Amino acid sequence: MRLGVNLDHIATVREARKAKEPDPVQAALLAELGGADGITVHLRGDRRHIKERDVKLLKDVVKTRLNVEMAATDEMVEIALEILPHQVTLVPERREEITTEGGLDVVLQGEFIKPAISKLLAAGIEVSIFVDPDPDQVRACAKLGVGAVEINTGKYAEGERVDQELEHISKTAKLASKIGLKVLAGHGLNYRNVTPIVKIEEIEELNIGHSIVARAVYVGLERAVREMKELINRR
Ligand code: PXP
C-alpha cells in the first residue's frame, strides 16, 4: 500500500510566525527518505498554510509524486495548469473550517465541477475526488471521467460506530475498484486507527497528514513516516 504524506501542517507551524521555517520542501525530502510514496499539500483559497510558491518548489523537488488538494475553482485550476502536479484531488472548501469537513458532493455538483476536470485531464494531470463513503458518490465520479477517488475516513476516525463506518468504506472501495477507479483513502488516520483500513484490499493508497507531522515533533519526520509505512505494509 502506498503512503502519501500531507505536509500542510509543516506550513501551519511556519505561518504561526510568518517565518521561513519549517519548510515544506525540506520536509518533503525527509518524508521521501522515510519511504513516502507521494507528497500531498492543500492549497486553500485563503492560503492559510501552503502557498503557491511551496507548490511550485515542491513540483521541482519531489522525486515521488506531488498531489495537490484544491477546490474546483477557476483560480485553482489555473494554478494547477501552470504548475502541473502529478495529481489534483478535488475537495470541498469552506473558509471557516479547520480542516476539510466532508467529501465533495459529486452527485449534486457534478455538472459544476465538470469543466474543471476536463481542463485538468487535458493537461495530463491525474484527477482524484475526495468523497464520503457512499456508492452514489463513486458512481457520479466515474461518470465524470476521473481516474481515482479518495474515500473520506474522517467519520471512521472520529471513533463512533466504527464497524458501520468500516463497512461503508469497504463497500464503497469495492464498488470503485470494480468500476475501474483507483481507490485512495484518508482523513483523520493515525498510528492507532489505520490498521483496519489497511485490511481493505481495494485501497491502494492512504493520504495521512496530521498524525505524522504530530509524531514528527517527537521522533523526527523521517522516522514518523517510516513507522507509518511499516504499519500500512502489514496487510
Ligand atoms: N485527504 C484529504 C482530502 C484531506 O483534505 C486531508 C486533510 O488535509 C487529508 C487526507 C489528511 O488528513 P489528516 O491530516 O487528518 O491525516
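Residues numbered from 1 in each chain as written. Predicted model: local features only at pLDDT ≥ 70, side-chain atom pairs only at ≥ 80, totals over all residues. Heavy atoms only, no water.

Draft legend 1. Quick peek at empty space enclosed by the protein. Applying the stated criterion across every chain, the model contains one cavity of 30 Å³ or more. In this structure, the largest cavity encloses a volume near 60 Å³. For the largest cavity, the full set of lining residues is R2, D37, G38, I39, T40, R65, L66, N67, Q87 and E205. Looking at the lining of the largest cavity, the elements that each hand over two or more residues are β2 (38–42) and β3 (66–70). Looking at the lining of the largest cavity residue by residue, the class counts come to two nonpolar, four polar and four charged. (1 Å grid on protein atoms, 1.4 Å probe; cavity = no way out; pocket = protein on both sides within 12 Å on 5 of 7 lines; lining within 4 Å. Points joined across faces, edges and corners; volume = space filled by probe spheres on them. Helix = DSSP H or I, 4+ residues; strand = E, 2+ residues; numbered from the N terminus. Nonpolar A, V, L, I, M, F, W, Y, C, P; charged D, E, K, R; others polar.)

Draft legend 2. Structural detail: the site of the ligand. What surrounds the ligand is a group of 14 residues, the closest being T100, E150, G188, G209 and H210. Between the ligand and E150, the relevant distance is 2.5 Å, taken from a nitrogen atom to a side-chain nitrogen or oxygen of the residue. Within the backbone of H210, a nitrogen or oxygen atom sits 2.9 Å from an oxygen atom of the ligand. Considering the ligand on its own, with 400 Å² of exposed area, one finds that the protein chains cover 94% of that surface. Most atoms of the ligand, that is more than half of them, are within 2 Å of grid points of the largest pocket. Split into classes, the residues belonging to the shell around the ligand amount to three nonpolar, eight polar and three charged. (Near = heavy atom within 4 Å. Polar contact = N/O pair within 3.5 Å; in protein donor to acceptor, adjacent residues only side chain to side chain. Areas by Shrake-Rupley, 256 points an atom, 1.4 Å probe, with all protein chains shown as cover. Sits in = over half its atoms within 2 Å of the grid points.)

Draft legend 3. Structural view of the side chain of Q87. In this fold, Q87 is placed in strand β4 (residues 87–90). Classification of Q87 as buried rests on a relative accessible area of 2%. Not counting chain neighbours up to four residues away, the residues in contact with Q87 comprise R65, L66, N67, V68, I125, E126, S128, K182 and L184. (Buried < 20%, exposed > 50% of the residue type's maximum accessible area, 1.4 Å probe, protein only. Contact = heavy atoms within 4.5 Å.)

Draft legend 4. View of unusual backbone geometry. Cis geometry marks the peptide bond from E21 to P22, where omega comes out at -5 degrees. At K18, a residue that is not glycine, the phi angle is positive and equals roughly 45 degrees. In this fold, K18 is placed in the loop between α1 (8–16) and α2 (24–33). Residue K18 is classed as exposed on the basis of its relative accessible area of 64%. One non-glycine residue, L84, lies in the positive phi region at around 55 degrees. L84 sits in the partly exposed class, given a relative accessible area of 35%.

Draft legend 5. Spatial organisation of helix α3 (residues 52–61). Those residues of α3 lying buried are D54, V55 and L58. Burial along α3 is one-sided: seen end-on, the buried residues are contained in an arc of 95 degrees. Seen from the open side of α3, the exposed residues pointing more than 90 degrees away from its buried face are R53 and D60. (Arc of directions from axis to C-beta.)

Draft legend 6. Quick look at the layout of surface pockets. Reported here for the largest pocket is a volume of approximately 640 Å³. Residue lining of the largest pocket: 28 residues in total, with T99, H187, G188, G209 and H210 positioned closest to the centre. Of all the secondary-structure elements, those providing two or more residues to the lining of the largest pocket are α1, β8 (205–208) and α10 (210–219). No other element matches the four residues that α10 contributes to the lining of the largest pocket. When its residues are assigned to classes, the lining of the largest pocket shows seven nonpolar, 15 polar and six charged. Counted as a void, the second largest pocket has a volume near 180 Å³. If you trace the second largest pocket, you find 13 residues lining it, with I10, P22, V213, A216 and L221 closest to the centre. Looking at side-chain class alone, the lining of the second largest pocket contains nine nonpolar, three polar and one charged residues.

Draft legend 7. Quick look at the sheet that holds strand β1 (residues 2–6). Judged by pairing direction, the barrel is parallel, and its eight strands sit side by side in the order β1-β2-β3-β4-β5-β6-β7-β8 before closing back on the first. Along the sheet, successive strands turn relative to each other by an average axial angle of 25 degrees, direction set aside. With four bridges connecting them, β3 and β4 associate as parallel partners. Its bridge partner lying in β4, V68 is registered against V88. Strands β1 and β8 of the sheet are contacted by helix α11 (residues 221–233), whose axis makes an angle of about 145 degrees with β1. (Pairing = 2+ DSSP bridges. Axes fitted to C-alpha atoms, helices over the stretch in contact; angles between N-to-C directions.)

The values reported here are purely geometric and, on their own, carry no functional implication.
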